[in-house]
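Listed below, chain by chain, are the residues.
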Amino acid sequence: MLLLTVDEHSAEPIYRQIVAQIRDKIAGRVLLPGEKLPSTRRLADRLAIHRSTVATAYQELWALGFVDLSPGSCPRVRDRMQMATAADRGEKGLIDWQALSSPASENIWQAHRRISPQAGREDTAALINFASLDMDRRLFPLESFRACLDRAVKNHGEALLGYGARAGFGPLREYIARRLQGHGISVTTDEILITNGSQQGLDLVFRMLAAPGRTVAIESPTYSYVLPLLRFYGLTPVEIPVRRDGMDLDALEAAIAREKPVLVYTMPTFQNPTGITTGQAHRERLLSLCETHRLPILEDGFEEEMKYSGRVVLPVKSMDKRQLVIYCGTFSKVLFPGVRIGWLAAEKECVERLVAIHRFSEIAPSMILQAAIHEFCQSGHYDRHIGRMHRAYRKRMQTAIRALQRHIDPAWAEWTEPSGGFLIWLKLKQPPCPPADWQALLAAHGVEAATGSDFFNWETPETYLRLSISPLDEGEITAGVQRLAAALRQAHCPD
Ligand code: PMP
């Protein structure tokens, strides 16, 4: 017989007391799968309570997945253990997900497993991490952001809890339009779309263009997340080599004639992965070439704010009188990526078309986070934070370059010396004993870096490493370069 007790004087409602006791008995295997529970009438009589209280308890147990209910019969204990452990035992379910996945999504799945598989893993904490482009969390302005979040909710109230405007929170769009003027970009609020990080901005543009047989001109090497995405949408990447001064524009011109791309994707400032920034003349020629061919440019200004030294070069978008440039920006690389807020700036019709695509997948970006970021920017925190980040990362970049000069033999590698951003690109010279797996060799020396193959569309015979200093302080950078030097030394003089 099922032994239960109820305490009428407890603050806990009686039905909850019944639920808790039956749950405990199921967990303790006093009640076994398939076993019948008493009818509502019998249990109610036994406990001297109302039948509806027992019925409520049974409903709750059913909702929690502990019992099965069927009309006219007593509840039975559900076989939960078996359900829970099928996955634990690694048994395959009924559906063959690989066979069901489209070839496009199978490709993106393979890329997910191949590109930086360690990204986001916590178990590599002992390694000095030059692989991640995440920011140094120790610099996050947590308290001021928390206060802004609070103020935003207080000021805007329930309005923040709705879906909100499809193109984004009006005051934030206005702020971004004004801020872009500081970079020479003249756009109105209508020409701004807020996105869920700039990654979504890139995704929306590729989706707008996706059609079988189309091609997109990209820099080679390029941002590793763009290649799988283009292929997912059936867009064929056409690789344009990156030289010391940026994308090879003669090669681009030839590719335009040959491949008729529908877009040029470029990162003119602190390019990912090379860290290269193109000069004014390069930008003018790129724009004029694309104007001649009525070819839109997707300009990714992901690290636009992070200029540490030398003359500022304005974005290509700043010269864009014919409105062919779609400019993509983000808060991720100067503030923090966790808010997932980026933006696109483009001709109004283009923005409206992108809003439509956005609407049917994402509906709208999070109002609460947009309002908090707006409060953060509006109250001057953002400018102060950028100042702080410049001071910190200017020193960090100098430390990294000095450490490379000091510890890496020029016979082992050459590297770029960026005037901003977080990325240094190392081209390794062929060592006498190249390791079978560079990642493994680096890990054995306590350091990790992104390897070059992530950034090319095809296998490259050369070996590259991308060092990101964004998550590291000066001490970690110096120690990381020393570890890297030890790994390279081993590849060059194994004994
Ligand atoms: N563009 C480039 C070149 C990037 O490296 C990244 C992320 N590292 C992004 C866009 C996307 O960043 P987010 O979505 O965080 O704005």
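Residues numbered from 1 in each chain as written. Predicted model: local features only at pLDDT ≥ 70, side-chain atom pairs only at ≥ 80, totals over all residues. Heavy atoms only, no water.

Q: Would you mind going over empty space enclosed by the protein in detail, with residue names and values included?
A: In the structure shown here, the tally under the stated rule is 2 cavities of 30 Å³ or more. In this structure, the largest cavity spans a volume of roughly 160 Å³. Elements represented by at least two residues in the lining of the largest cavity include exactly helix 8 (170-181) and strand 10 (325-330). A per-element tally of the lining of the largest cavity places helix 8 first, with 4 residues. Taken together, the residues of the lining of the largest cavity break down into 9 nonpolar, 4 polar and 5 charged. In this structure, the second largest cavity encloses a volume near 40 Å³. Lining the second largest cavity are Glu219, Val242, Gly246, Met247, Met267, Pro268, Gln271, Ile276 and Thr278. Looking at the lining of the second largest cavity residue by residue, the classes come out as 5 nonpolar, 3 polar and 1 charged. (1 Å grid on protein atoms, 1.4 Å probe; cavity = no way out; pocket = protein on both sides within 12 Å on 5 of 7 lines; lining within 4 Å. Points joined across faces, edges and corners; volume = space filled by probe spheres on them. Helix = DSSP H or I, 4+ residues; strand = E, 2+ residues; numbered from the N terminus. Nonpolar A, V, L, I, M, F, W, Y, C, P; charged D, E, K, R; others polar.)

Q: Tell me about the pattern of salt bridges, and please be specific about residues and values.
A: A complete count under the given rule lists 22 salt bridges for this structure. Residues Arg78 and Asp68 are paired through a salt bridge, measuring 2.8 Å at the closest nitrogen-oxygen approach. Placement of the pair is Arg78 in the loop between strand 2 (76-77) and helix 4 (80-88) and Asp68 in strand 1 (residues 67-68), with a sequence separation of 10 residues. With a relative accessible area of 35%, Asp68 lands in the partly exposed category. (Salt bridge = Lys/Arg side-chain N within 4 Å of Asp/Glu carboxyl O. Buried < 20%, exposed > 50% of the residue type's maximum accessible area, 1.4 Å probe, protein only.)

Q: Just give me the short version of the domain arrangement of the protein chain, but keep the residues and values in it.
A: In terms of domains, the protein chain is made up of domain 1 (14-82), domain 2 (108-137 + 386-492) and domain 3 (141-383). The straight-line distance from the C-alpha centre of domain 1 to that of domain 2 is 58 Å. (Domains from an automatic or database assignment.)

Q: A description of the site of the ligand should follow, citing residues and the corresponding values.
A: Close to the ligand lie 13 residues; Ser198, Asp300, Thr330, Ser332 and Arg340 are nearest. For the ligand, an oxygen atom lies 2.6 Å from a polar atom in the side chain of Thr330. With respect to the ligand, the side chain of Arg340 contributes an N or O atom lying 2.8 Å from an oxygen atom. The fraction of the free accessible surface of the ligand (400 Å²) that becomes covered by protein chains is 93%. Looking at which element gives the most residues to the shell around the ligand, the answer is helix 9 (residues 197-209), with 3 residues. For the shell around the ligand, the class distribution of residues is 4 nonpolar, 6 polar and 3 charged. (Near = heavy atom within 4 Å. Polar contact = N/O pair within 3.5 Å; in protein donor to acceptor, adjacent residues only side chain to side chain. Areas by Shrake-Rupley, 256 points an atom, 1.4 Å probe, with all protein chains shown as cover.)

Q: Pulling in residues and values, what's your account of a nonpolar patch on the surface?
A: On the surface, Leu94, Ile95, Trp97 and Leu100 cluster together to form a nonpolar patch covering roughly 520 Å² of accessible area. As for its placement among the helices and strands, Ile95 is situated in the loop between helix 4 and helix 5 (97-100). (Patch = residues over 30% accessible without salt bridge, like charges linked within 9 Å, V, L, I, M, F, W, Y side chains within 5 Å.)

Q: Requested: an account of the packing of aromatic side chains, with residues and values cited.
A: For the structure on display, the rule yields 13 aromatic pairs. Consider the rings of Phe232 and Tyr233, whose centres lie 5.3 Å apart with planes at 70°: the pair is edge-to-face. With relative accessibility at 18%, the residue Tyr233 sits in the buried group. Ring centres of Phe331 and Tyr382 lie 5.3 Å apart, and the angle between their planes is 70°; on these two criteria the pair is classed as edge-to-face. Here Tyr382 lies in helix 15 (residues 381-407) and Phe331 lies in the loop between strand 10 and strand 11 (341-345), a separation of 51 residues in the sequence. Note on Phe331: relative accessible area 1%, which makes it buried. Note that Arg396 overlies the ring of Tyr393, its terminal NZ or CZ placed 4.8 Å from the centroid. (Phe/Tyr/Trp six-rings, centres within 6.5 Å; stacked < 30°, edge-to-face > 60°. Lys NZ or Arg CZ within 6 Å of the ring centre and 35° of its normal.)

Q: How would you explain the pairing of strand 9 (residues 297-300) if you had to name every residue and give the values?
A: Covered by surrounding structure in strand 9 are Ile297 and Glu299 together with Leu298 and Asp300, the residues of both alternating faces. Across 3 bridges, the pairing between strand 8 (residues 264-266) and strand 9 is parallel. Looking at the pairing, Val264 lines up with Ile297 of strand 9. For strand 9 and strand 10, the ladder comprises 4 bridges, and the chain directions are parallel. (Pairing = 2+ DSSP bridges.)

Q: I'd like a description of the packing of helix 15 against helix 17 (residues 474-492), backed by residues and values.
A: Where helix 15 contacts helix 17, the axes come no closer than 9 Å and their chain directions differ by 25°. Compared by their axis directions, helix 15 and helix 17 come out roughly parallel. Like other packed secondary-structure pairs, helix 15 and helix 17 cross with a definite hand, here right-handed. Side by side, helix 15 and helix 17 meet where Lys395, Arg396, Thr399, Ala400, Ala403, Leu404 and His407 of the first sit next to Glu474, Ile477, Thr478, Val481, Gln482 and Ala485 of the second. Taken together, the residues of the contact of helix 15 with helix 17 break down into 6 nonpolar, 4 polar and 3 charged. (Axes fitted to C-alpha atoms, helices over the stretch in contact; angles between N-to-C directions. Parallel < 35°, antiparallel > 145°, perpendicular 65-115°, else oblique. Left-handed = near helix turned anticlockwise from the far one by under 90°. Contact = heavy atoms within 4.5 Å.)

Q: Tell me about a positive patch on the surface, and please be specific about residues and values.
A: A contiguous patch of positive charge, built from Arg384, Arg388, Arg391 and Arg394, is present on the exposed surface. Along the chain, the position of Arg394 falls in helix 15. The exposure class assigned to Arg394 is partly exposed, which follows from its relative accessible area of 32%. (Lys, Arg positive; Asp, Glu negative; His and termini not counted. Charge placed at Lys NZ, Arg CZ, Asp CG, Glu CD.)

Q: Account for the pairing of strand 4 (residues 192-196), with residues named and values stated.
A: For strand 4, the buried fraction is high: 4 of the 5 residues fall into the buried class. Note that strand 4 and strand 11 share 5 bridges and pair antiparallel. Along strand 11, the bridge assignment pairs Leu193 with Leu344.

Q: Tell me about the sheet that holds strand 13 (residues 423-428), and please be specific about residues and values.
A: The sheet built from 4 strands is open, its strands ordered 12-13-16-15 with antiparallel pairing. Sheet topology places strand 12 (413-415) and strand 15 (450-451) at the edges, where each strand pairs with a single neighbour. Examined bridge by bridge, strand 12 and strand 13 share 3 bridges and lie antiparallel to one another. Bridge pairing links Ala413 to Leu428 in strand 13.

Q: Explain the sheet that holds strand 11 to me, using residue names and the numbers behind them.
A: Neighbouring strands of a sheet are bound in pairs by backbone hydrogen bonds; such pairs are parallel or else antiparallel. Spatially, 8 strands are ordered 4-11-10-9-8-5-6-7 in an open sheet, and the strand pairing comes out mixed. At either margin of the open sheet sits one strand with a lone partner, and together these are strand 4 and strand 7 (246-247). Relative to strand 8, strand 5 (residues 215-220) is paired through 2 bridges, and the arrangement is parallel. Across the sheet, the residue bridging to Ile218 is Tyr265, located in strand 8. Against the sheet, helix 9 contacts strand 4, strand 8, strand 9, strand 10 and strand 11, and its axis sits at roughly 115° relative to strand 4. Sheet strands in contact with helix 13 (residues 348-359) are strand 4, strand 10 and strand 11, and its direction is about 30° off that of strand 4.

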